[in-house]
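# Descriptive structure summary
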Amino acid sequence: MLYEAFQEVARTRAGAVAVQAVDGEELTYARLSDLVDRASARLLRVGVQPGHFVATRLHNGPGYIAIILALARLGAVHLPISVQSDRERLRWSLAQVPVRFLIREQHDDLLDATVDTLGVDTLFAEPAPRVVEALLARARSGVFRLLETTGSTGVPKLVAWRQEDLLADRRQWLSYLKVTPEDVFLTMHPLDVAHGVDVHMFPALLAGARLVLSDPAAPPDQLLSTLADSGATIFSALPRHYQLLTGTGSTALPLLRLPLCGGAYLSPEVIKQARQHLGIQIRRIYGSTEFGIVLGNLDDVAQESRGMYPLPAVEVALEPLSAQTPMLGEILARSPHTSIGYEGNPAETARAFRAGWYRTGDVGEQTESGEYRVLGRVADVLSTTSGRLIFAPQLEGVLQADEAVREAAVLPSSTDDGSAPLVVVTPADGAEALNVATTVSRLLRDHGLADRVQVVDELPHTPVGKLDKPAILRRWG
């Protein structure tokens with residue numbers, strides 16, 4: 001499945017560069033295939049079998065990619081754990097399933113004796129046997145990966161994907177993007193999350209293209225230089241990342257044919273700034289860890305007010321919020337190739353997947369032209385004093401468009417009328433906190449919302465760069 005699909009490409013693209021590491025080292029498809037062989041052989045020798053759970057806690061690198069492919073080859077179940085996880089989250093992850101091994105880096109001071117570990121370097125220390133015994137395809141027909149949700153909408157869960165579904169879904173994504181071997185994917189995301197591995201890594205390697213790994217912790221000016229120097233043609237980021245890139249100055253990116261953006265509300269101001277400072281037209285995409293990509297719009301036209309269309313093989317419907325708003329409702333999606341739900345959590349699986357439809361928890365509206373606009377989470381609805389509905393992400397975009405505000409988090413209140421959201425903002429460089437609070441209070445009143453503002457130095461984010469709203473609520477709510 002995934003391994004065989006990679007090997008088919010590697011045979012025809014053996015001498016082409018497959019991966020450019022963070023330090024600039026380039027590995028060909030032949031070299032990456034050798035690393036997969038070495039990792040496969042070592043994992044077999046220590047007893048990894050189909051269905052065994054193998055966790056990883058690794059930084060982005062060619063070795064990590066080889067391990068992902070080796071685990072797919074062996075039919076093991078991959079449990080990626082972020083290197084940013086604290087001790088509590090690490091223990092939670094390891095307690096969800098019976099982990100056979102945790103593959104780690106040499107200096108990892110959070111590890112304890114709860115699970116057997118393997119040093120990442122030991123997997124590549126010895127040459128692979130000339131022939132690594134092939135396993136039957138049916139050994140790889142079960143769950144392949146458990147990907148942790150960020151927990152931004154509640155308690156963290158592990159999303160279970162099978163190889164055959166992930167491979168089919170990624171091939172549809174390749175076709176949609178019209179990827180060629182000449183493309184260059186650049187990922188700034190950890191390979192522990194769908195944005196890094198599914199949107200960038202698998203598509204690049206399944207197309208015979210080049211994958212450039214950028215340091216997820218790199219400052220915006222360094223990321224912008226990497227984008228320009230690498231000749232990246234496909235890149236996906238959150239709106240906040242594009243906002244940070246445009247703030248570094250003006251650097252044209254003429255080769256970046258598909259600057260994709262998803263994962264959070266994309267304001268017209270961010271689109272405008274990217275066009276002005278980077279010379280790019282951001283393309284909208286929308287999806288989830290549980291489903292894959294649901295909607296997209298790759299049109300090379302101004303997209304400030306544009307919506308998106310369902311991807312091929314994806315059906316979309318709206319469950320209206322009320323009888324008075326038939327074109328406004330929760331987004332439901334259906335496809336023959338999605339995850340199979342949440343590992344060990346049948347109640348949440350049954351809640352999210354009903355009659356073949358995945359309930360996204362997001363609210364969208366359908367326009368007369370058939371486009372869908374994603375407005376925010378069902379729980380993000382704010383009720384203004386005038387009775388007009390506004391969504392938290394839209395209000396965040398309004399606040400961040402003001403030059404005094406660097407970043408804003410809006411959390412709906414638990415009051416009966418919902419008109420007093422918690423608003424936590426960080427000031428732009430040089431802006432005084434008192435002036436920022438006054439500005440934000442005025443903007444809230446202009447939108448018919450009560451004044452409940454806090455100005456702080458920094459806001460916490462999840463490993464993929466989204467606002468960590470549960471953490472914000474715990475600290476300032």
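Residues numbered from 1 in each chain as written. Predicted model: local features only at pLDDT ≥ 70, side-chain atom pairs only at ≥ 80, totals over all residues. Heavy atoms only, no water.

## Some points on the overall build of the chain
- A tally of helices and strands in the chain yields 13 helices and 25 strands.
- The globule rule puts the C-alpha radius of gyration for 477 residues at 23 Å, and the 23 Å found for the chain is close to it.
- With respect to the three principal axes, the spread of C-alpha positions in the chain is 70 × 50 × 45 Å.
- Going through the 477 residues of the chain one by one, you find that 55% of them count as buried.
- Taking contacts inside the chain between residues at least 6 apart in sequence as the whole, the part at least 24 apart equals 62%.
- Here the chain displays about 20,200 Å² of accessible surface, and carbon together with sulfur accounts for 50% of that area.
- Side-chain charges in the chain split into 45 positive and 56 negative, and the spacing between the mean points of these groups amounts to 4 Å. (Helix = DSSP H or I, 4+ residues; strand = E, 2+ residues; numbered from the N terminus. Rg over C-alpha atoms; globule rule 2.2 N^0.38 Å. Buried < 20%, exposed > 50% of the residue type's maximum accessible area, 1.4 Å probe, protein only. Contact = heavy atoms within 4.5 Å. Areas by Shrake-Rupley, 256 points an atom, 1.4 Å probe, with all protein chains shown as cover. Lys, Arg positive; Asp, Glu negative; His and termini not counted. Charge placed at Lys NZ, Arg CZ, Asp CG, Glu CD.)

## Side note on the sheet that holds strand 13 (residues 283–288)
- Here we have nine strands laid out as an open sheet, ordered 2-1-10-9-11-12-13-14-15, and mixed in their pairing. Each of the sheet's edge strands pairs with one partner strand only, and the pair in question is strand 2 (26–28) and strand 15 (309–310).
- The pairing of strand 12 (residues 258–261) with strand 13 spans two bridges and is classified as parallel. Looking at strand 13, one finds that cysteine 261 is bridged to arginine 284. (Pairing = 2+ DSSP bridges.)

## Some words on the sheet that holds strand 23 (residues 405–411)
- Overall, mixed pairing links the three strands, which are arranged 23-24-25 in an open sheet. The open sheet is flanked by strand 23 and strand 25 (453–455), the only strands paired with a single partner. The sheet shows a mean angle of 20 degrees between the axes of neighbouring strands, taken without regard to direction.
- The sheet contact formed by strand 24 (residues 422–427) and strand 25 spans three bridges and is parallel. The residue of strand 25 that forms the bridge with valine 423 is valine 453.
- Together, strand 23, strand 24 and strand 25 form the strand contacts of helix 13 (residues 469–476), whose direction differs from that of strand 23 by roughly 85 degrees. (Axes fitted to C-alpha atoms, helices over the stretch in contact; angles between N-to-C directions.)

## Quick notes on the environment of proline 203
- By the secondary structure assignment, proline 203 is in helix 6 (residues 194–207).
- Sequence-wise, proline 203 and glutamine 172 are 31 residues apart; in three dimensions their C-alpha atoms are separated by 9.8 Å.
- Ignoring any residue separated from it by four or fewer positions in sequence, one finds proline 203 in contact with Arg170, Trp173, Leu174, Phe185, Val197 and Asp198.

## Section: the nonpolar core
- Leu43, Ile65, Ile103, Trp173, Met201, Phe202 and Leu205 are the most contacted members of the largest nonpolar core, which totals 82 residues.
- Ranked by residues supplied to this core, first place goes to helix 3 (residues 62–74) with 10 residues.
- The residues contacting tryptophan 173, other than those within four sequence positions of it, are Asp198, Val199, Pro203, Leu260, Ile285, Ile293 and Leu311.
- Listed in part, the 22 residues of the second largest apolar core include Leu224, Tyr242, Leu256 and Leu278. (Core = buried A, V, L, I, M, F, W, Y, C linked by side-chain atoms within 4.5 Å.)

## Overview of the packing of helix 1 (residues 2–12) against helix 6
- In contact at an axis separation of 7 Å, helix 1 and helix 6 are set at 45 degrees when each is read in the N-to-C sense. With respect to each other, helix 1 and helix 6 are oriented oblique. Packed against helix 1, whose contacting residues are Leu2, Ala5, Phe6 and Val9, the element helix 6 presents Phe202, Leu205, Leu206 and Ala207 at the interface.
- Residues that form the contact of helix 1 with helix 6 fall into these classes: eight nonpolar, no polar and no charged. (Parallel < 35°, antiparallel > 145°, perpendicular 65-115°, else oblique. Nonpolar A, V, L, I, M, F, W, Y, C, P; charged D, E, K, R; others polar.)

## Notes on the packing of aromatic side chains
- Applying the stated criterion across every chain, the model contains five aromatic pairs.
- Seen in terms of ring centroids, phenylalanine 235 and tyrosine 242 are 5.9 Å apart; in terms of plane orientation they differ by 80 degrees. Their pairing is edge-to-face. Each member of the pair, phenylalanine 235 together with tyrosine 242, is buried.
- Site record: aromatic cluster; members linked through ring pairs are Phe291, Phe353 and Tyr358.
- The aromatic ring of tyrosine 342 is capped on one face by lysine 157, whose charged end is 5.2 Å from the ring centroid. (Phe/Tyr/Trp six-rings, centres within 6.5 Å; stacked < 30°, edge-to-face > 60°. Lys NZ or Arg CZ within 6 Å of the ring centre and 35° of its normal.)

## So, the pairing of strand 11 (residues 234–237)
- Residue alternation in strand 11 divides its side chains into two sets, Ile234 and Ser236 and Phe235 and Ala237, and both sets are buried.
- Bridge count between strand 9 (residues 184–187) and strand 11: two bridges; the pairing is parallel. Bridge assignment links phenylalanine 185 to a residue of strand 11, and that residue is isoleucine 234.
- As paired elements, strand 11 and strand 12 share four bridges and run parallel to each other.

## Examining the pairing of strand 9
- Covered by surrounding structure in strand 9 are Val184 and Leu186 together with Phe185 and Thr187, the residues of both alternating faces.
- In this sheet, strand 10 (residues 210–213) lies alongside strand 9 in parallel orientation, the contact comprising four bridges. When the bridges of strand 10 are listed, valine 184 appears paired with arginine 210.
- Read as a crossover between parallel neighbours, the route from strand 9 over helix 6 to strand 10 is right-handed. (Right-handed = clockwise from strand over helix to strand, strands pointing away.)

## What to know about the packing of helix 8 (residues 239–246) against helix 9 (residues 268–278)
- As a packed pair, helix 8 and helix 9 sit with axes 9 Å apart at the nearest point and diverge in direction by 40 degrees. Along this stretch, helix 8 crosses helix 9, giving a crossing that reads as left-handed. In this structure, helix 8 contributes Pro239, Tyr242, Gln243, Leu245 and Thr246 to the contact, and helix 9 contributes Val270, Gln273, Ala274, His277 and Leu278.
- Its residues assigned to classes, the contact of helix 8 with helix 9 shows six nonpolar, four polar and no charged. (Left-handed = near helix turned anticlockwise from the far one by under 90°.)

## Remarks on the pattern of salt bridges
- Counted by the stated rule, this structure contains 23 salt bridges.
- A salt bridge links aspartate 362 to arginine 377, with the shortest nitrogen-to-oxygen separation between them at 3.1 Å. On the criterion of sequence distance, the pair formed by aspartate 362 in strand 19 (residues 357–366) and arginine 377 in strand 20 (residues 372–377) is long-range, its members being 15 residues apart.
- The partner of aspartate 446 in a salt bridge is arginine 442, and the shortest N-O contact between them spans 3.6 Å. Highlighted residues: aspartate 446 and arginine 442, both in helix 12 (residues 433–446), separated by four residues, approximately one helical turn.
- A relative accessible area of 55% means that aspartate 446 is categorised as exposed.
- Through salt bridges that share partners, Arg31, Asp34 and Arg38 make up one connected network. (Salt bridge = Lys/Arg side-chain N within 4 Å of Asp/Glu carboxyl O.)

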